[in-house]
2 protein chains.
Amino acid sequence: MDENSRRNFLKKAGAVTGATFAVGAPAVHVARKYNWRMVTAWPPNSPLLGEGAEMLARLIEEMSGGKLKIRIYGGGELVPPLESFEAVSQGVIEMGHGSSYFWGGKAAAAIFFTAVPFGMTAQQTNGWFYAGGGLELWQEVYAPFNLISMPVANTGVQMGGWFNKEIRTIEDYKGLKMRMPGFGGRVITKAGATVVLSVGSEIYMNMERGVIDAAEWVGPYHDYLMGFHRTAKYYYYPGWQEPSATLELFINRKAFESLTKDLQAVIKTAAYRMNLWILSEFESRNNIYLQKLINAYGVQLKRFPDSVLKALKSHTKDVMDELTSKDPMSKKVYASYSKFQKDVSAWAAVSEIAYNSILGL
Amino acid sequence: MDENSRRNFLKKAGAVTGATFAVGAPAVHVARKYNWRMVTAWPPNSPLLGEGAEMLARLIEEMSGGKLKIRIYGGGELVPPLESFEAVSQGVIEMGHGSSYFWGGKAAAAIFFTAVPFGMTAQQTNGWFYAGGGLELWQEVYAPFNLISMPVANTGVQMGGWFNKEIRTIEDYKGLKMRMPGFGGRVITKAGATVVLSVGSEIYMNMERGVIDAAEWVGPYHDYLMGFHRTAKYYYYPGWQEPSATLELFINRKAFESLTKDLQAVIKTAAYRMNLWILSEFESRNNIYLQKLINAYGVQLKRFPDSVLKALKSHTKDVMDELTSKDPMSKKVYASYSKFQKDVSAWAAVSEIAYNSILGL
C-alpha cells in the first residue's frame with residue numbers, strides 16, 4: 001500500500017467505524033453497542049500471536065454479552081503491520097495488537113515495555129507492570145499519542161536464536177547479518193553485527209536466501225512452526241536479549257473513554273487473562289517442540305559461551321547509557337525498571353533460584 | 001457454631017439467596033440480576049487473601065455492569081472457615097474463596113491443586129492448569145460435590161517457615177510441633193514432627209504460647225503482616241513444601257450454570273486476573289519486607305541444610321507413594337502433575353534456570 005492509497009484507506013476506514021445503537025421499543029436497559037476493529041502486527045491466523053488476538057476479541061465479545069464486537073485484521077490486511085500505531089493513534093482504528101518495540105522510532109522509551117536484555121523474567125516483569133509502577137510509566141510514554149496500552153501476552157524466556165555457524169567468541173558477531181529487533185539488535189550492532197529487520201513472514205525466506213546468517217524469533221514452539229530448523233542448525237540459549245517479551249494491546253484513548261465502565265473493565269481483564277494464558281501455553285509446549293527439533297530434525301542445541309555473554313552484557317550497558325543520557329523519558333523508565341529488577345532479584349535468590357537449586361539434590 | 005445451629009443457619013441462608021429480576025416497563029433488554037454470596041477461609045479484611053476476594057467481587061460486579069453482585073463473608077462470619085466447601089456444595093452459598101488442601105478429608109486428590117512439595121513453581125503450575133490438563137482434572141475431583149473450581153491467586157515460592165530453634169539435621173524435626181498444612185505437614189510428620197493446624201488468626205498466639213515451635217505461612221510480605229517475627233527468630237528458605245501455592249474460587253455448579261454465558265465468562269476471566277495480580281503483588285513486595293525483617297527486627301535468614309532437604313524429599317516420595325497407591329484419583333492427578341513437571345523442568349533448564357545463571361557473569 002503506498003502513502004496515498006493508505007491515506008485514502010484511512011479516510012474510508014474512519015467513515016464506517018464507531019459506535020452504533022441498538023434500536024427497538026423503549027426499554028429499561030438499552031445497551032449501547034460498539035463495533036470495533038483491531039489491527040495486528042501478525043500474519044493472519046498465526047499461531048498464538050494472531051490466535052491470541054482472535055481469542056481476546058472473542059472473550060471481550062462474550063463477556064460484554066455482544067455489546068463490544070471486535071473485528072481483527074492481520075498485518076497488512078487493513079494497514080501495513082508497522083502502521084498500526086499511527087492508525088490507532090489517529091483514531092481511525094480503535095485498537096491494535098503488537099509489540100511496543102516497533103514504536104521505538106516514535107517514542108524511544110517504548111522499547112522497555114517489550115523486553116530488556118539481561119532484564120527481568122515474565123513473572124518479574126508482570127510484577128513491575130501490575131504492582132511496581134511499570135504500567136503507569138507505559139501510559140505516560142503513550143499519552144502524547146492519544147493511546148493507552150497494556151500487556152496482552154508474554155513469551156517467557158526466549159531462545160538466543162538460530163545460527164548457520166557456531167558462536168565461539170564475541171568476534172563471531174563481526175559481519176554477522178542477523179534478524180534481531182529491539183534493544184538486542186542494538187547490542188549486537190555494538191559487537192559488529194548487521195541487523196536486518198523484517199516482519200515474521202519474511203525471516204524464513206531471508207535465512208534461506210542468505211540475506212541473513214542468523215535470526216531470533218521466540219522459542220521452540222513458535223520457532224518450530226516458523227520452520228527455522230530447515231534453514232539453520234545451531235539453536236542457541238539462553239535468550240539474553242529477551243528474558244521475557246511482552247506483547248501489547250494499545251487502544252485509542254478517546255475510543256476507550258467513550259466506552260461504558262463495564263466494557264473498560266472487560267477489556268482490561270481480558271488482557272490479563274490473555275497475558276497469563278499465552279505464557280502458560282508456551283510453558284506447556286516449549287519442551288515438546290524442543291525435543292522434536294533435536295530428535296527429529298537434528299538441531300544442535302548450544303549454550304552461548306560465558307565470554308560471549310559477558311561481552312554482550314557489557315555492550316548492553318553501553319546501549320542503555322547512550323539511550324538514557326539523551327532521552328529523559330527512557331532514563332525515567334529504565335531507572336524504575338532497574339530498581340525493581342534489583343529488588344525482585346534479591347527475592348528470587350531466596351525463592352525461585354534457591355528453590356530450583358534444591359531440585360537436583 | 002454447633003452442628004444444629006449451623007444447619008438452621010444454612011436453611012435460613014438458603015431462603016434469602018438466589019436470583020432476583022429487575023422490574024420495570026417492557027424492555028428490549030431486561031438484564032437478569034443476581035445477588036450472590038461468597039464465603040472465604042480468611043479473616044475479614046486480611047491483606048491480599050481477603051483483599052483478593054473483595055477485589056474479585058468488585059471486578060465481577062463492575063464487568064457485569066451490576067448484573068452480578070457478590071457479598072463477601074470472612075471466615076466465621078457466615079459459616080466457620082472450614083465449612084465453606086460444604087455450604088457451597090449444598091448450594092446454600094453460591095461461591096467460596098479458599099485453598100483446596102482444606103478439603104483433603106473429603107477428596108484426597110484436592111490437595112494437589114494447592115501445592116506439591118518439591119513440585120512446580122507458579123508459572124509452571126499455571127502452565128499445568130491452563131494448558132496442561134490440570135484444570136480439567138480439578139473439575140473431575142470436584143464434580144461429585146457439585147462444584148467447579150479455578151485458580152484465583154498464587155503466592156509464588158513460599159518461605160520454609162519460622163522456627164524458634166535452628167534446623168541442623170533432619171533429627172531436629174523429631175518432636176517439633178509445627179503449623180504446616182497440606183502435603184508438607186504429612187512430610188514432616190514422617191520426619192517425626194507433630195503437625196498442629198489452626199486457622200491463620202490463631203497461629204501467632206500458638207507460637208507465642210509455645211503450643212507450637214514453628215510455623216509456615218506464606219512469605220516475607222504476608223508473614224510480616226502476621227507478626228511472626230515477634231515470636232521466632234529463624235526464618236528458613238526455600239519453601240520446599242510450597243514452591244507455589246494456588247488459592248481457589250469454588251462455585252456451586254448449578255448456580256454457575258444458571259448464569260448467562262457472559263457472566264460465566266466474566267467470573268472465569270476475573271479469576272485469571274486475580275491469579276496474576278496477586279502473584280505480581282507478592283513479587284513486588286516480598287524483598288522489601290524481607291529486608292525489613294532482617295534489618296529492623298534482627299530476623300536470622302537461614303537456608304535449610306542440603307541433608308535436611310534430601311531427607312524431606314525422600315519423605316515426600318513416601319507420602320506420595322502411600323497416597324497414590326490407595327486413592328486412584330490421586331494417582332491420576334499426580335501422574336499428570338509429574339509428567340508436566342518433568343517436561344517443564346527440561347524447558348526451565350534452557351530458559352529460566354540457564355538465564356538466571358548468566359546474570360552474575
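These remarks concern the structure in this document.

### Quick notes on the nonpolar core
The nonpolar side chains of a soluble globular protein tend to be buried, and buried together. Counting residues in each nonpolar core, the largest one holds 243 residues, and the members touching the most others are Y173(A), W240(A), I267(A), Y173(B), W240(B) and I267(B). Residues in contact with Y173(A), not counting those within four places in the same chain, are F163(A), I167(A), I188(A), A191(A), G192(A), A193(A), W240(A), F304(A), V308(A) and L312(A).

### Re the packing of aromatic side chains
All names here are of chain B. Enumeration over the complete set of coordinates arrives at 55 aromatic pairs over all chains. Ring geometry for Y221 and Y289: centres 5.0 Å apart, planes at 45°, overall tilted. You can see Y221 sitting in helix 8 (residues 220–226) and its partner Y289 sitting in helix 10 (residues 261–297), a full 68 residues away along the chain. Grouping residues by exposure puts Y221 and Y289 together as buried.

### As for the interface of chain B and chain A
In this complex, chain B contributes 75 residues to the contact, which on the side of chain A involves 76 residues. Scanning the region where chain B abuts chain A turns up 18 residue pairs in polar contact (both at pLDDT 80 or more). Sorting the residues of the side of chain B that touches chain A by element identifies helix 2 (49–63), helix 4 (122–131), helix 10, strand 12 (300–303), helix 11 (306–326), helix 12 (328–350) and helix 13 (352–358) of chain B as the ones contributing at least two each. Ranked by residue count, the leading element in the side of chain B that touches chain A is helix 10 of chain B, at 21 residues. Of the residues that constitute the side of chain B that touches chain A, the class distribution is 41 nonpolar, 21 polar and 13 charged.

### As for the pairing of strand 10 (residues 234–237) of chain B
Residue and element names in this part refer to chain B. Side chains Y234 and Y236 project from strand 10 onto one buried face, and the interleaved Y235 and Y237 project onto a second face that is buried too. Note that strand 6 (residues 161–163) and strand 10 share 3 bridges and pair antiparallel. Within strand 10, the residue paired with W162 across the bridge is Y235. Across 4 bridges, the pairing between strand 10 and strand 12 is parallel. For Y234, the partnering residue across the bridge sits in strand 12 and is Q300.

### Some thoughts on the relation of the copies chain B and chain A
The relation between the two copies of this chain is a rotation about an axis and a shift parallel to it. Turning chain B through 180° and shifting it by 0.0 Å along the axis lays it on chain A, with an RMSD of 0.0 Å. As the rotation angle and translation indicate, the two copies are arranged about a two-fold axis. A high fraction, 100%, of the interface residues of chain B reappear at the interface in chain A, so the copies pair face to face through one surface.

Parameters at a glance
- Residues numbered from 1 in each chain as written.
- Chains lettered and ligands numbered in written order.
- Predicted model: local features only at pLDDT ≥ 70, side-chain atom pairs only at ≥ 80, totals over all residues.
- Heavy atoms only, no water.
- Core = buried A, V, L, I, M, F, W, Y, C linked by side-chain atoms within 4.5 Å.
- Buried < 20%, exposed > 50% of the residue type's maximum accessible area, 1.4 Å probe, protein only.
- Contact = heavy atoms within 4.5 Å.
- Phe/Tyr/Trp six-rings, centres within 6.5 Å; stacked < 30°, edge-to-face > 60°.
- Helix = DSSP H or I, 4+ residues; strand = E, 2+ residues; numbered from the N terminus.
- Polar contact = N/O pair within 3.5 Å; in protein donor to acceptor, adjacent residues only side chain to side chain.
- Nonpolar A, V, L, I, M, F, W, Y, C, P; charged D, E, K, R; others polar.
- Pairing = 2+ DSSP bridges.
- Least-squares fit on C-alpha atoms with pLDDT ≥ 70 in both.

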